[in-house]
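Descriptive analysis of the structure
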Amino acid sequence: MKKSILGVLSCIVLFVSQPLSAESSFEDELKKSSSGTVSSRFRVGYFAGIGYQGRIGGDGDTKIQGLLLEGGLYGLFNPVRNFFDIEIGINGKYNTGMNKTSSDSGKTTYYAGLKQITLYGGLVFRVGEEGKALSLGLSKAIYINEVQTDELKDSGIKKHDLENGMGAYIEYQTDELSGNIFFVRAEVERIDIVSAYDTVQDNVGSILVGMKY
């Protein structure tokens, strides 16, 4: 009788122990697949880029257009390995403004620049070959100010009072260059132009090429 009971208990122990072993193995694999070194799961750095920014429509007449210089700090967090990253950052933008002279009439048109400090955040999805990614996100200017050239001031055009600066961007990234991240970003921002009588909006678009370190 005792031998029979021991035999049954042995079978039960053997039957139960196999699923537990399999479950333990699955948990180990899950932990392994979602874990990584600190450098692969969280990256902090700085970036710099150069591009173009200009007014692309709206109800205002800000005449913003010129060379765009941008730099900032970013953090790239990878909550689930090989799925998506979360990127947040702060950047400073400086649009130099510019002037254009018509070859036909010889008339020169002067354009204003723009200074901004912007917070941004988005999701970075890995696509195609290893090291390539596509990012989608939103931005919000915490400081925004129009830059007027001397020519604009002399022409009697008043400096606009700007606020908000809400934007959306799409960015292509690749880290094939010595571990640094090369990126190309296209962004559209809506800026409020405030006056004593009304508030209208202008849309500003930009294209930026840069490197994240």
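A quick note: this is a predicted structure, and the numbers were derived from the prediction, not measured.

Here's the deal with the packing of aromatic side chains
Each aromatic ring pair is described using two quantities: the centre-to-centre distance and the angle formed by the ring planes. Following the criterion strictly, the structure yields 7 aromatic pairs and no others. With a centroid separation of 6.5 Å and 55° between ring planes, the pair formed by Phe 47 and Tyr 74 is classed as tilted. Linking Phe 47 in strand 1 (residues 42-58) with Tyr 74 in strand 2 (residues 65-80), this pair joins segments that are 27 residues apart in sequence. Of the two residues examined, Phe 47 and Tyr 74, each falls in the buried class. Each ring, one from Phe 84 and one from Phe 125, has its centre 6.4 Å from the other, and the planes form 45°; the classification is tilted. Remark: Phe 125 occurs in strand 6 (residues 113-126) and Phe 84 occurs in strand 3 (residues 84-95); sequence separation between them is 41 residues. Relative accessible area serves as the criterion here: at 16%, Phe 84 is assigned to the buried category. Classification of Phe 125 as partly exposed rests on a relative accessible area of 32%. In this structure an aromatic cluster arises from ring pairing among Phe 47, Tyr 74, Tyr 120, Tyr 169 and Phe 183. Just above the ring of Tyr 120 sits the side chain of Arg 185; from NZ or CZ to the centre is 5.3 Å. Taking NZ or CZ as reference, Lys 212 lies 5.1 Å from the ring centre of Phe 183, over its face.

Notes on a nonpolar patch on the surface
A contiguous nonpolar patch, built from Phe 42, Val 44, Phe 77, Ile 86, Ile 88, Leu 123, Phe 125, Val 127, Leu 134, Leu 136, Ile 170 and Tyr 172 and spanning about 990 Å² of accessible area, is present on the exposed surface. Within the residue set of the nonpolar patch, elements represented by two or more residues are strand 1, strand 3, strand 6, strand 7 (132-147) and strand 8 (161-177).

Overview of the confidence of the model for the protein
Here the protein shows a mean pLDDT of 80. Residues at 70 or above account for 76%. Contacts from residues 8-24, a stretch scored under 50 in pLDDT, to residues over four places away or in other chains number 0 contacts. Confidence drops under a pLDDT of 50 for residues 29-39, and excluding neighbours within four residues, the segment shows 8 contacts in the predicted structure.

Description of unusual backbone geometry
The phi angle of most residues is negative, glycine excepted, and most peptide bonds adopt the trans form. Look at Lys 63: it is not a glycine, yet its phi comes out positive at around 55°. Along the chain, Lys 63 falls in the loop between strand 1 and strand 2.

Details of the pattern of salt bridges
One pass over the structure, following the stated rule, counts 8 salt bridges. In this structure, Glu 187 engages Lys 93 in a salt bridge whose closest nitrogen and oxygen atoms are separated by 2.9 Å. Linking Glu 187 in strand 9 (residues 180-194) with Lys 93 in strand 3, this pair joins segments that are 94 residues apart in sequence. A relative accessible area of 4% means that Lys 93 is categorised as buried. Between Glu 171 and Lys 212 there is a salt bridge whose closest N-O contact spans 2.7 Å. Placement of Glu 171 in strand 8 and of Lys 212 in strand 10 (residues 199-212) is noted, with a sequence separation of 41 residues between them. The exposure class of Glu 171 is buried, given its relative accessible area of 1%.

About the thresholds
Residues numbered from 1 in each chain as written. Predicted model: local features only at pLDDT ≥ 70, side-chain atom pairs only at ≥ 80, totals over all residues. Heavy atoms only, no water. Phe/Tyr/Trp six-rings, centres within 6.5 Å; stacked < 30°, edge-to-face > 60°. Helix = DSSP H or I, 4+ residues; strand = E, 2+ residues; numbered from the N terminus. Buried < 20%, exposed > 50% of the residue type's maximum accessible area, 1.4 Å probe, protein only. Lys NZ or Arg CZ within 6 Å of the ring centre and 35° of its normal. Patch = residues over 30% accessible without salt bridge, like charges linked within 9 Å, V, L, I, M, F, W, Y side chains within 5 Å. Areas by Shrake-Rupley, 256 points an atom, 1.4 Å probe, with all protein chains shown as cover. Salt bridge = Lys/Arg side-chain N within 4 Å of Asp/Glu carboxyl O. pLDDT = per-residue confidence, 0-100. Contact = heavy atoms within 4.5 Å.

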